[in-house]
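Here's the letter readout for the chains.
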Amino acid sequence: MKKQMCITIICFILSIFIIALGWMPAAADYIGDCNKDGSVNINDVLLLLKKVTDDSMNVNGLGDINSNGIIDITDVLALLKMISSESFITATPTKAPSTVMPSEIASALNPDAVFSTTTGCTEAVIKNVKSKDYIIKSFTDEDFSVLDTDMIDGAKFETIVLAKNSHLVTMYWHENDKTMKILWESVDEKAMSVLSPNEATDKGAIQIVQIGTERVNEKDNPLIGMCYVIKLSDGSAIILDGGFNNTPCADNLYNALEKMDIAKDGYGKYIIKAWSFSHGHVDHTGIMYSFSLKYSNSVTVEYLIHNIPANNAISPLDCNVSDFDNTWKNAFPNAVRINPHAGIKYYFGNATLEMLYTPDLVATPSSPITYYNNSSIVMKVVGAGASLLSYGDAADDASLAMFNNYATSAFKCDIIQITHHGLYTGPNASNEWPNLKKIYEATQAPYAFLPMQSRYGMGNSERNGRFTVIVEWGYYGRTQMAFVVNETLLPVSQSEFNSFVDLQMSSPSGRTVLGYNGINKITNEQGMTTYLGANNYSPMVTIFEFSNSAATLTLNEDLYSWLG
């Protein structure tokens with residue numbers, strides 16, 4: 001109050017002083033013409049004084065009289081001196097902000113192809129590029145700024161991110177074949193804030209929780225479904241997928257948030273820092289419908305992450321993208337959508353999401369993704385010096401793309417999520433997924449998660465989830481289960497399966513299965529331990545803590561016993 005009063009007195013005295021100076025010449029475009037009325041006079045002094053007391057005032061960049069980078073009372077005195085001596089400084093003309101759109105810049109570069117990749121995102125492909133710098137300059141010349149992003153170690157390609165206002169441009173530069181991919185989209189500015197580390201990055205422990213899912217009233221496939229919840233050091237959560245569109249899946253997820261003591265906001269809502277969906281299949285995205293219907297008023301979702309391909313980037317589409325988008329927008333209208341891109345790190349609290357593979361890395365109109373599971377996001381969740389490699393349902397073609405685009409060191413992790421619930425999948429099943437096997441081996445992971453559930457069987461009541469994964473699908477999908485149990489799988493019977501419980505017990509077929517505990521845990525002879533998402537009758541919950549550069553198991557039990 002005293003400061004305001006002093007300024008008012010000074011203003012009054014200065015007003016009298018200026019009036020005594022008499023007539024002042026026109027001074028359009030002069031430094032000091034704070035109100036830009038074409039002259040420099042007492043009105044500019046008064047406006048500048050207001051600027052000193054109220055930083056929200058706009059003086060059009062012409063109030064920094066002494067050009068020291070700040071506006072304060074010294075500028076007022078300098079302006080008075082200029083007026084009294086009738087000396088003025090011509091303002092440097094400012095460049096009008098560019099209104100050129102990313103699509104116009106990309107079009108001027110004569111791309112070989114332009115197409116929609118994911119919701120709201122367009123991509124241009126330019127081949128035989130002599131210099132990436134020329135393309136980057138085409139955008140920086142139009143006021144795009146290169147963001148300071150920390151790219152993933154081991155990447156054999158470069159990801160460049162530029163931004164202007166709400167426009168985000170992502171470039172994939174492949175030096176080896178001189179190809180540049182340019183992706184552009186309109187985003188919320190909050191989506192840009194998670195591209196750089198924050199004060200909490202990698203500080204404090206995090207929890208990684210595998211929650212077995214439920215599939216009800218359907219017996220055609222008892223295995224599928226995937227749900228992971230990550231608790232950050234500030235108590236908020238990151239959710240990966242979630243499971244089916246049914247009440248048990250919704251209830252289990254919400255009750256898990258409660259059991260984990262996830263932090264709440266000022267309205268008493270659980271804080272979901274980010275909710276990421278690997279791809280569009282209903283055993284991964286269906287939870288959005290049932291959960292939002294029942295619990296949208298009980299949680300706050302800050303960021304929504306998905307990279308579901310557009311029609312011309314994948315065939316068949318196999319997902320109702322618009323229906324999914326409308327559902328989450330109606331349920332969580334304040335959630336900021338992030339369209340993730342390969343080679344970028346996203347920072348949420350003390351966890352970092354490293355995007356190793358997104359479908360726009362490989363899809364083109366002439367070569368769309370033909371197997372929907374290969375549209376899955378593959379990413380590493382990193383915190384406290386440990387990591388989980390989340391594979392979604394990605395198959396061998398996605399694995400090949402990653403193997404070609406990263407050094408093997410990029411895949412090293414503490415926990416590997418076995419893709420596609422341990423099931424074999426169509427493409428490359430006959431040759432045992434050779435590229436997936438390379439990625440698995442490169443992880444050097446001491447632990448594995450195998451997301452599946454077994455409440456219902458198909459036909460024979462003895463056919464349950466663990467039997468199907470370990471025996472039936474294990475035989476047909478040799479690469480995956482051979483990696484888990486570290487042996488060549490042969491056909492076995494139900495009775496042989498029941499004998500797997502004892503360590504190193506040879507089955508009648510002469511095989512040895514090491515370390516299966518009869519519930520949901522398999523330990524192979526190389527020491528890797530795999531935790532299935534279900535036992536014979538019920539979903540399981542498995543919890544690891546990441547701290548001090550290590551992953552430590554803290555809980556593994558029946559889900560409903562844990563939830564109480």
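Quick caveat, the model's predicted, so the values are computed rather than measured.

Cut-off values and rules
Residues numbered from 1 in each chain as written. Predicted model: local features only at pLDDT ≥ 70, side-chain atom pairs only at ≥ 80, totals over all residues. Heavy atoms only, no water. Helix = DSSP H or I, 4+ residues; strand = E, 2+ residues; numbered from the N terminus. Buried < 20%, exposed > 50% of the residue type's maximum accessible area, 1.4 Å probe, protein only. Contact = heavy atoms within 4.5 Å. Areas by Shrake-Rupley, 256 points an atom, 1.4 Å probe, with all protein chains shown as cover. Arc of directions from axis to C-beta. pLDDT = per-residue confidence, 0-100. Axes fitted to C-alpha atoms, helices over the stretch in contact; angles between N-to-C directions. Parallel < 35°, antiparallel > 145°, perpendicular 65-115°, else oblique. Left-handed = near helix turned anticlockwise from the far one by under 90°. Nonpolar A, V, L, I, M, F, W, Y, C, P; charged D, E, K, R; others polar. Core = buried A, V, L, I, M, F, W, Y, C linked by side-chain atoms within 4.5 Å. Pairing = 2+ DSSP bridges.

Structural notes on the overall build of the protein
Step number 1: Per the secondary structure count, the protein includes 16 helices and 26 strands.
Step number 2: Across the 564 residues in the protein, those meeting the buried criterion constitute 56%.
Step number 3: Considering only contacts within the protein whose residues lie at least 6 apart along the sequence, 67% involve residues at least 24 apart.
Step number 4: Of the roughly 23700 Å² of accessible surface on the protein, a fraction of 51% belongs to carbon and sulfur atoms.

Quick notes on helix α10 (residues 321–331)
Step number 1: For α10, the set of buried residues is V321, F324, D325, T327, W328 and A331. Buried positions in α10, seen along its axis, are confined to an arc of 160° and lie on one side of it.
Step number 2: Against α8 (282–285), α9 (287–295), β13 (299–305) and β14 (336–338) lie the buried residues of α10.

Let's talk about the confidence of the model for the protein
Caution applies to low-pLDDT parts of the model: their predicted coordinates are not meant to be read in detail.
Step number 1: Mean pLDDT over the protein: 84, with 79% of residues reaching 70 or higher.
Step number 2: In the predicted structure, residues 16–28 sits below a pLDDT of 50 and forms 24 contacts with residues beyond four places in sequence or in another chain.
Step number 3: This model gives residues 457–463 a pLDDT under 50, and the stretch forms 12 contacts once residues within four places in sequence are excluded.

Thoughts on the packing of helix α11 (residues 396–405) against helix α12 (residues 434–443)
Step number 1: Taken N-terminus to C-terminus, the directions of α11 and α12 make an angle of 55°; their axes are 7 Å apart at the nearest point. It follows that α11 is oblique to α12 by the angle criterion. Between α11 and α12 lies a crossing of left-handed hand. Residues D396, S399, L400, M402 and F403 of α11 pack against P434, N435, L436, K438 and I439 of α12.
Step number 2: Residues that form the contact of α11 with α12 fall into these classes: 6 nonpolar, 2 polar and 2 charged.

With respect to the nonpolar core
Step number 1: Residues W275, F291, V299, Y391, M402, Y406 and I416 are the most contacted members of the largest nonpolar core, which totals 88 residues.
Step number 2: Ignoring sequence-local partners within four residues, the contact set of Y406 consists of I152, G154, A155, K156, F157, A342, G343, M355, L356, Y357 and F411.
Step number 3: By size, the runner-up hydrophobic cluster in this structure holds 39 residues, among which are I206, I344, L388 and A551.

Quick look at the pairing of strand β6 (residues 158–164)
Step number 1: Taken across its 7 residues, β6 has 6 buried, putting it largely inside the fold.
Step number 2: As defined by bridge partners, strand β5 (residues 145–146) adjoins β6 across 2 bridges and the pair is classed as antiparallel. Its bridge partner being in β6, S145 is matched across the sheet by A163.
Step number 3: In this sheet, strand β7 (residues 167–174) lies alongside β6 in antiparallel orientation, the contact comprising 7 bridges. Bridge pairing links A163 to L168 in β7.
Step number 4: Here β6 hands over to β7 after 2 residues, with N165 in that stretch at a positive phi of 55°.

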